[in-house]
Amino acid sequence: MNFGFTEEQELLRAEVRKWLDENCPMDEVRAVSEAEDGEGFSRDHWKAIAELGWLGLVVPEEHGGAGLGQVDLVVLLEETGRSLFPSPLLSHTVAAGALLTVAGDAQRTRWLPALADGSAIGTLAVQEEPAAPGPDGVRLEGVADGDDVILRGQKRFVPHAAAADLFVAPFRGGDGLALACVPADAPGVRAEDWPGMDLTKRLGRVSFDGVRLPADAVAPLDEASLQRILDLGTTALTAEMVGAAEGAVALTAEFAKQRIQFGSPIGRYQGVKHPLAEMHVDVESFKSLVYYAAWCLDESPDEAPRYVSMAKALASEAFARIGIDAVQLHGAVGYTWEFDAHLYLKRSKWARPMFGDSEFHYERVARLGGL
Amino acid sequence: MDFTLTAEEEAFRDEVRAFLAEQLAPGVDKADPGFLAGWHRAVREKRWVGFSWPREVGGGGGSLMEQAILKEEMAKARAPSLGSCFMGLAWVGPALIAYGTEEQKQKFIPDILDGKYQWCTGYSEPDYGSDLGSLQCRAVREGDEYVVTGQKIWTSIAMWSKWIILLVRTSLHEDDKHKGITCLLVEMDSPGIDVRPIRNMGGGAMFAEVFFDGVRVPVENRLGEEGQGWRVTITALAHERSGIAEVESLLRGLEGLKALAAETGRAEEPAVRQRIARVETRIQAMRLNGLRALTRQIRGEPLGSETSVNKLTRANLEVEMGDFALELQGAAGPLVAGAEPVADGGRWQRMALGWPEVVIGGGTPNIQKNIIAERILGLPKD
Ligand SMILES: Cc1cc2nc3c(=O)[nH]c(=O)nc-3n(C[C@H](O)[C@H](O)[C@H](O)COP(=O)(O)OP(=O)(O)OC[C@H]3O[C@@H](n4cnc5c(N)ncnc54)[C@H](O)[C@@H]3O)c2cc1C
């Protein structure tokens, strides 16, 4: 029994953290994400992390990736979360995971090497309504036309829609659910990002206006596979939430050591100290859950759904509170654009509903637990 | 990460399971004194009492992983305890092993393992609870004896104990109050000791006040050096568990809660489902935090925050589960065992009135939060 990371994983963590500290400290996060006409991320960063192998971490070696597992991915994403790294990395990785779950050889060969080397940016386009995505929410329609499929409809709340080169999109066809690999430059595809609170994360809309796809761009998709794709995405997101929440706690604890009121650091007062301790308890708790969920996804898939949902349920409610408390415990400077506390608050708002909020996941935990 | 067991560990688990299946055959009455006597003999023979202690002192020399396996299997089978001298096994023994003289080890450890008699713990005082380091119960050296005068309180099972592990003040160190504390092992029938049970809010009397009036304690019954009592205590208390047994019992409570929700016809209510799922999530987080801690211990790394994190989580769960179960029972909630509408033989009512044992005993939630904030997040002491 060993519920810890390997030396290689610790090394990966150290390397990721070092790169982020050197190349994307907070002023760079701000410069990149606040740039007026920017894409919400830096193409230079993208090239660099492609070379470091981050983009193909879970892509098998035969397709040009590193062939690592979900636990390794958690290590990477915890660190990008901690740094609030503005990047399509998360949705890109989830798109690759979706391809690996159901796509046929043609699509794997066509897209996975490009995703692994970063020459294409992928994103999972699954959600259509503000509520959590799931099999019932798939309305995008695919109609057979000879060997081709014509897609009509739209996906919304798509991460980095405007920048993506590939949309991995579940749709409803004549035979039920299916998964389409849609190149962004296919005729009839239009994508745009919406303005959002969290400038380090983009969400937008993609419309498919009679987009014609060859048969081999489509893979059959059953509910269980879609659920697995969603669980992969949920876990990856929750891993980023661990890092971001820890970042918020660390920032606030540091502030509490420095800020003097009534003659001593405010961190001495229990009204400050105890909420910080509670935040720590919460983060440790959803951290343990997401570590185990990630392990289950690769090694014990039957167990995975319960733990994925427990992790996201707790993460969603805990991080939301951490975001608010981080600002509040800073006092008025926490309300300024200049101080960083609000960046974590905004990240918590972004992450909470993605792949389902805590109510959604607690309900799933109840159901899976026999209630 | 790897949650599989080695071949030896598997074999050990099978051995434990086979033993438990044989001992706890369906229909045995686990409360029957005859059965219990046989049980305690049998587990002692297997060296599962004091399983983590070195074999030289009569323990089992079990590895951390084997201990975890044993605890988990025991809890799952709802087996009786391993040994009957609760505090002796929990911290007096580990303190003796770390600080005791050869004579002390030979005198006390076999009796603890055999469950010959009970030990109790005399730390808290009326004026010093959370602030244990300021304790005032005095011991003055006179020749080969200490003379103890003062009072302890909340001493669990003092009235049924033969010995007490006692913290006393032997000197006033202005610079560091902890340096004046010494640990003594005192026989409870020594002249000058007076024990007065205290009734708790559940109606029972498990703890007591203990008064010391010129009680003479031979110097050979001092555990560790004079002034070393704080270290002795800390070491003993640090012999912490990964919480496996507690998690199993919470998981059983969770199953009970789900059954209760179904019986009371409320399992479809979203608010009820959410609340139960929250409880389940916290219990599983506690289980996994414990496994992370166990991994660290096995690797020989210093323990992180998991112990305090889990103490807080468990405290919250004890309160929440008992309280929620009462709510589910509606007007039957505030009745007690014996009343016809009460569910599950009054188990939830006992929980709803018994949580302070877990929540207050061994350090209150506020103290746990101080520990986390100061030792882990590095905030200044208050
Ligand atoms: C069932 C039970 C069994 C026990 N068994 C034993 C035993 O066998 N032997 C033994 O020695 N003791 C025993 N105790 C005592 C237990 O260890 C103490 O009750 C505990 O340490 C708290 O001390 P106190 O009760 O004096 O409360 P206090 O320390 O007076 O605390 C009162 C309240 O103030 C809060 N508080 C205190 N200090 C601070 C602070 N610095 N910051 C914020 N809040 C603070 C506490 O959290 C608590 O809410 C037992 C207690 C219980 C309930």
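Per chain, the residues get numbers from 1 upward, laid out in the order the sequence is written. Each chain is given a letter, starting from A, and each ligand a number, starting from 1, according to the order in which they appear as written. Reporting of local features is limited, given that this is a predicted model, to residues whose pLDDT is at least 70; pairs of side-chain atoms are given and counted only at 80 or more, and all residues count toward the totals for whole chains, interfaces and linings. Side-chain numbers here rest on the full set of heavy atoms in the structure, without hydrogens or water.

1. Here we look at the overall build of chain A
Then comes step 1: Along its length, chain A carries 11 helices and 10 strands.
Then comes step 2: Relative to a compact globule of 371 residues, whose C-alpha radius of gyration would be 21 Å, chain A shows 21 Å and is just as compact.
Then comes step 3: Seen through its C-alpha atoms, chain A measures out along the principal axes to roughly 80 × 50 × 40 Å.
Then comes step 4: Evaluated residue by residue, chain A yields a buried proportion of 61% over its 371 residues.
Then comes step 5: If you take every contact in chain A between residues at least 6 apart in sequence, the share linking residues at least 24 apart comes to 75%.
Then comes step 6: Counting every atom, chain A has about 14,300 Å² of accessible surface; 51% of that belongs to carbon and sulfur. Per the convention used, a helix needs a DSSP run of H or I reaching at least four residues, while a strand needs a run of E reaching at least two, with both numbered from the N terminus. Atoms counted for the radius of gyration: C-alpha only. Globule rule: 2.2 Å times the number of residues to the power 0.38. Each residue's exposure class comes from its accessible area (1.4 Å probe, protein chains only) as a fraction of the maximum for that residue type: buried when under 20%, exposed when over 50%, partly exposed otherwise. Whether two residues are in contact is decided by their heavy atoms: any pair within 4.5 Å suffices. Here, Shrake-Rupley sampling with a 1.4 Å probe gives the accessible areas, and only protein chains in the shown set may cover a residue.

2. Section: the overall build of chain B
Then comes step 1: Counting its secondary structure elements, chain B contains 12 helices and eight strands.
Then comes step 2: For chain B, whose C-alpha radius of gyration is 22 Å, the value lies close to the compact-globule estimate of 21 Å for 382 residues.
Then comes step 3: Projected onto the principal axes, the alpha-carbon positions of chain B cover approximately 70 × 50 × 50 Å.
Then comes step 4: A buried classification covers 48% of the 382 residues belonging to chain B.

3. Points about the domain arrangement of chain B
Often, the extent of an interface is quoted as the loss of accessible area on bringing the components together.
All names here are of chain B.
Then comes step 1: Annotation of chain B at the domain level lists domain 1 (7–84), domain 2 (119–228) and domain 3 (242–376).
Then comes step 2: Domain start and stop points were drawn from an automatic or database domain assignment. The distance between the C-alpha centroids of domain 1 and domain 3 comes to 25 Å.
Then comes step 3: Between domain 1 and domain 3, the contact holds eight residues from the first and seven residues from the second.
Then comes step 4: In this assembly, domain 1 packs against domain 3 so that about 760 Å² is buried in total across both faces, 72% of it on carbon and sulfur atoms.
Then comes step 5: Using a 1.4 Å probe, buried area is obtained as the accessible area two parts lose upon being combined, added over both of them. When the area that domain 1 buries against domain 3 is broken down by residue, the three leading residues are L64, K71 and A75, summing to 52%.

4. So, the site of the ligand
Then comes step 1: Proximity is defined per residue: if any heavy atom of the residue lies within 4 Å of a molecule or strand, that residue is considered near it. Contacts to the ligand come from 19 residues, most closely from Q270 of chain A together with S124, S130, W154 and T364 of chain B.
Then comes step 2: The ligand sits at a junction of chains, with neighbouring residues supplied by chains A and B.
Then comes step 3: Taking T121 of chain B, its main chain carries an N or O atom lying 2.8 Å from a nitrogen atom of the ligand.
Then comes step 4: Within the contact set of the ligand, a nitrogen atom lies 3.1 Å away from a side-chain nitrogen or oxygen of N366 of chain B.
Then comes step 5: At the level of elements, β3 (145–156), α11 (356–359) and α12 (365–376) of chain B are the ones that each hand at least two residues to the shell around the ligand.
Then comes step 6: Only Asp, Glu, Lys and Arg are considered charged in this grouping, and only Ala, Val, Leu, Ile, Met, Phe, Trp, Tyr, Cys and Pro are considered nonpolar; every other residue, Gly among them, is considered polar. Per-class residue counts for the shell around the ligand are six nonpolar, 12 polar and one charged.
Then comes step 7: Inspection of the shell around the ligand shows a minimum of three residues originating in each of domain 2 (119–228) and domain 3 (242–376) of chain B. Counting of polar contacts relies on pairs of N or O atoms within 3.5 Å, with two restrictions inside protein: one atom must be capable of donating a hydrogen and the other of accepting it, and residues adjacent in sequence are counted only when both atoms are side-chain atoms.

5. A closer look at the pattern of salt bridges
Then comes step 1: The term salt bridge refers to a pairing of a side-chain nitrogen on Lys or Arg with a carboxyl oxygen on Asp or Glu at a separation within 4 Å. By the definition in use, this model includes 55 salt bridges over all chains.
Then comes step 2: The partner of K273 of chain A in a salt bridge is E374 of chain B, with the nearest N and O atoms 2.6 Å apart. Note that K273 of chain A is positioned in helix α8 (residues 270–299) and E374 of chain B in helix α12, a pairing that runs across two chains. Like E374 of chain B, K273 of chain A is buried.

6. Some points on the side chain of R82 of chain A
Residue and element names in this part refer to chain A.
Then comes step 1: Assignment of secondary structure puts R82 in helix α4 (residues 70–82).
Then comes step 2: The class for R82 is buried, based on a relative accessible area of 18%.
Then comes step 3: Engagement of the side chain of R82 in a polar contact is seen with the side chain of E246, the distance being 2.8 Å.
Then comes step 4: Beyond its immediate stretch of four places on either side in the chain, R82 contacts R13, R17, G243, A244, E246, G247 and Y344.

7. Here's the deal with the packing of aromatic side chains
Residues and elements named next belong to chain B.
Then comes step 1: Paired rings are identified among Phe, Tyr and Trp, the last through its six-membered ring, by centres lying within 6.5 Å, and are further divided according to the angle between planes into stacked (under 30 degrees), edge-to-face (over 60) and tilted (the rest). Inspection of every chain in the model, using the stated rule, returns 24 aromatic pairs over all chains.
Then comes step 2: Summarising the aromatic geometry, the rings of F12 and F51 are spaced 5.5 Å apart at their centres and angled 5° between planes, so their arrangement reads as stacked. Pair noted here: F12 is in helix α1 (residues 7–23) and F51 is in the loop between α2 (33–45) and α3 (64–76), with a separation of 39 residues, a long-range link.
Then comes step 3: Its relative accessible area of 10% is what places F51 among the buried residues.
Then comes step 4: Put simply, the rings of F12, F19, F35, W39, W48 and F51 touch in pairs and so form one group of aromatic residues.

8. Focus on the environment of A244 of chain A
All names here are of chain A.
Then comes step 1: Examined against the element boundaries, A244 turns out to sit in helix α7 (residues 223–258).
Then comes step 2: Assessed through its relative accessible area of 0%, A244 is described here as buried.
Then comes step 3: Each C-alpha atom, one on A244 and one on G81, is 4.6 Å from the other, the two residues being 163 residues apart in sequence.
Then comes step 4: For A244, the contacting residues outside a window of four places in its chain are G81, R82, L84, F319, Y344 and R347.

9. A short note on unusual backbone geometry
Residue and element names in this part refer to chain B.
Then comes step 1: At R78, a residue that is not glycine, the phi angle is positive and equals roughly 50°.
Then comes step 2: One can find R78 in the loop between α3 and α4 (86–99).
Then comes step 3: The phi torsion at I157 lies on the positive side, around 50°, for a residue other than glycine.

10. What to know about the pairing of strand β4 (residues 166–173) of chain A
Residues and elements named next belong to chain A.
Then comes step 1: Burial analysis of β4 places six of its eight residues in the buried class, which makes it a mostly covered element.
Then comes step 2: What makes two strands pair is DSSP finding at least two bridges between them. As defined by bridge partners, strand β1 (residues 122–124) adjoins β4 across three bridges and the pair is classed as parallel. Following the sheet pairing, G122 is matched in β4 by L166.
Then comes step 3: As paired elements, β4 and strand β5 (residues 176–183) share eight bridges and run antiparallel to each other. Within the sheet, the bridge partner assigned to R172 lies in β5 and is L177.
Then comes step 4: Here β4 folds back onto β5, and the loop between the two strands holds two residues.

11. Notes on the interface of chain B and chain A
Then comes step 1: Facing 43 residues of chain B, the contacting portion of chain A comprises 44 residues.
Then comes step 2: When the two sides are added together, the surface that chain B and chain A hide from each other amounts to roughly 4,300 Å², 60% of it contributed by carbon and sulfur.
Then comes step 3: Where chain B meets chain A, there are eight salt bridges.
Then comes step 4: The tally of links from chain B across to chain A stands at 26 residue pairs in polar contact (both at pLDDT 80 or more).
Then comes step 5: Of all elements in the fold, only α8 (270–298), α9 (306–328) and α12 of chain B reach the threshold of two or more residues within the side of chain B that touches chain A.
Then comes step 6: With 17 residues, the top contributor of residues to the side of chain B that touches chain A is α8 of chain B.
Then comes step 7: Its residues assigned to classes, the side of chain B that touches chain A shows 18 nonpolar, 11 polar and 14 charged.

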